[in-house]
Amino acid sequence: MSQILLKNGFIVSMNKEEQVFTQGDVLIENDRIKAVGHVEQSLVTPDVEIVDAKGKIIMPGLINTHVHTSQQLGRGLGDDVNLLTWLHERIWPYESSLTEEDSYISTLLCCLEQIRAGVTSFAEPGGQFVSGMAKAVNQIGIRAKLAKSVMDCGEGLPKVWQKTTQEELDKQEEDLRKFHNTADGRVQVWFGLRTIFNNSDDLIIKTKELADKYGVGVHMHVAEVKEEVEYALETRGATTVKHLYNLDVLDKNFLAVHTVWLTNEEVNMFKEKRVKVSHNPAAAMRVLGFAKIPRMLKEGICVTLGTDGAAASNRMDLIDEMWLTSLIHKGWRLDPTIMKAQEIIRMVTVNGAKALLEEDNIGSLEVGKKADVIIINPNSAGMLPIHDAIANLVTSMHSSNVESTMCDGKWIMKDREILTVDEDSIINEAKERAESIYKRAGIVLPHRFPYI
Ligand SMILES: [Zn+2]
């Protein structure tokens, strides 16, 4: 049995009462939280590891509900172009050129960035190699829901991606059998649906059936761009959300990403079916538009935050997304009282846990939950002073303030040092592989940086 005692910190528990403890302790035993707030000395073993958190903030590890780990080596390939150029001339050539080993390194690099920004769990909507992603997640020590990128129709798809409905379903089941609940349960496999542009109704219906059969979630880009809604209307006779509603696939294990182009009626459909939403503000501001997040929150819909992929929004930093979320809706609605800091903290903790179907395990610091914990050191010119700790976490925290990150009771980063993998060698290999993929994909950009 091993114990870790975090002492004298400002604890943001995110328990049901959203209690904070101005000076409290967190006792961790093996992979779970044993006590929070005041810790009885009788619970503590003599060989406990003690961490002094005085003047620091202890909170649940952050949850990123939408991140394309396989796009990490494609950061910067899709800037300043429209969506179709981004997709057909940049991302498809890039992603279809990846090998399994590329996907592994890309995932490691993506996880490093996330861990440094306090993320302990994420949901991946789908790369080509669940095997490569699972290996990386297992090694680095984070928690993830992985899925394959699934497409069975659509024009212009690279040859390597032209698959039948059954092939896509079989491959996902095979991945699930191999990798679900591996790495002490940290790696779980979900079902993916890319978008309605590339998914037949047969695939959508069967995917939901399989997700229910295995008790996991479905992760899908929904009503992402205006053209998508128009396409659905033209080809299926209903807008994306209405069509998914008619197919009866909207449900509490359905994670809908972006959800920008929804009518109020469709927001109500999400509410009725208890669909979970992943809001990605940076990606939304770049190309998609404003999602009706304040309305969704008012209706009690479970809204969470995601970074999207590095080829889409460049920064896989959930702390930046928190800050952006607090700003963009205020500006759009001309109402500085909406999107309060407490709501945004909820999105990256308890709501994230619900969206990942893990509310009993993660998302808050409570006795019996998994020990996914971060320590924030606010003593920097960029974060101080703190007059309201919850507000500062959203408005002035930077990823550099995350001092330590723990997942499943184990330190992944302690005092800014990554302990589970060799960070320098991953960065070096990522540079070499990125250069090689760029050449294979045949993309040509100006201002190439001579990093090798
Ligand atoms: Zn995405």
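Worth saying up front: this structure is predicted, and the values here are computed from it rather than measured.

We now examine the domain arrangement of the chain. When its domains are assigned, the chain resolves into domain 1 (3-60 + 369-418) and domain 2 (62-355). Taking only C-alpha atoms into account, the centre of domain 1 sits 29 Å from that of domain 2. The interface is formed by 25 residues belonging to domain 1 together with 27 residues belonging to domain 2. Three residues, Met14, Val394 and Ile412, lead the burial of domain 1 against domain 2; their summed loss comes to 26% of the area buried on that side. Summed over the shared surface of domain 1 and domain 2, the result is three salt bridges.

The next subject is the coordination of the zinc ion. Geometrically, a metal with four donors at the corners of a regular tetrahedron has ideal angles of 109.5 degrees, and one with six donors at the corners of a regular octahedron has ideal angles of 90 or 180 degrees. Taken together, the protein donors to the zinc ion comprise His66 (NE2), His68 (NE2), His221 (NE2) and Asp308 (OD), at separations of 2.1 to 2.8 Å. Because the angles between the four donor atoms bound to the zinc ion fall within 84 to 168°, the donor set is best described as irregular. Along the chain, the residues that donate to the zinc ion are spaced as H-x1-H-x152-H-x86-D. With His68 in the loop between β6 (62-64) and α1 (83-95) and Asp308 in the loop between β14 (302-305) and α11 (310-313), this residue pair connects regions lying 240 residues apart in the sequence. Here His68 matches Asp308 in class, with each residue buried.

Once that is clear, we can look at the sheet that holds strand β9 (residues 187-189). Strand order in the open sheet made by the four strands is β6-β7-β8-β9, with parallel pairing throughout. Since the sheet does not close on itself, it has two edges, and those belong to β6 and β9, each with one partner. Taking each pair of neighbouring strands and ignoring which way they run, the sheet shows an average axis angle of 15°. As paired elements, strand β8 (residues 143-146) and β9 share three bridges and run parallel to each other. Across the sheet, Ala144 pairs through a bridge with Val187, a residue of β9. Helix α12 (residues 318-333) rests against β6 and β7 (119-123) of the sheet, and its axis sits at about 85° to β6.

Once that is clear, we can look at the environment of Thr263. Mapping Thr263 onto the fold places it in the loop between β12 (254-258) and α8 (264-273). Residue class for Thr263 comes out partly exposed when judged on its relative accessible area of 38%. Sequence-wise, Thr263 and Thr22 are 241 residues apart; in three dimensions their C-alpha atoms are separated by 43 Å.

Let's shift gears to the UniProt feature "domain: Amidohydrolase-related" (unreviewed entry) in the chain. Residues annotated by UniProt as "domain: Amidohydrolase-related" (unreviewed entry) correspond here to residues 57-412. Within residues 57-412, the helical portion is 43% and the strand portion 15%, while the C-alpha atoms at the span's ends are 18 Å from each other.

Overall, the coordinates contain zero disulfides when judged by the stated rule. The thiol of Cys110 is not disulfide-bonded; the next cysteine sulfur, from Cys111, is found 5.8 Å away.

Cut-offs and rules
- Residues numbered from 1 in each chain as written.
- Predicted model: local features only at pLDDT ≥ 70, side-chain atom pairs only at ≥ 80, totals over all residues.
- Heavy atoms only, no water.
- Domains from an automatic or database assignment.
- Contact = heavy atoms within 4.5 Å.
- Buried area = accessible area lost by both parts, 1.4 Å probe.
- Salt bridge = Lys/Arg side-chain N within 4 Å of Asp/Glu carboxyl O.
- Donors = N, O, S within 2.8 Å, 3.2 Å for Na, K, Ca; no water.
- Tetrahedral: all angles 85-135°; square planar, octahedral: opposite > 155°, others 65-115°.
- Helix = DSSP H or I, 4+ residues; strand = E, 2+ residues; numbered from the N terminus.
- Buried < 20%, exposed > 50% of the residue type's maximum accessible area, 1.4 Å probe, protein only.
- Pairing = 2+ DSSP bridges.
- Axes fitted to C-alpha atoms, helices over the stretch in contact; angles between N-to-C directions.
- UniProt positions renumbered as here; feature names shortened; annotations may be inferred.
- Disulfide = S-S within 2.5 Å.

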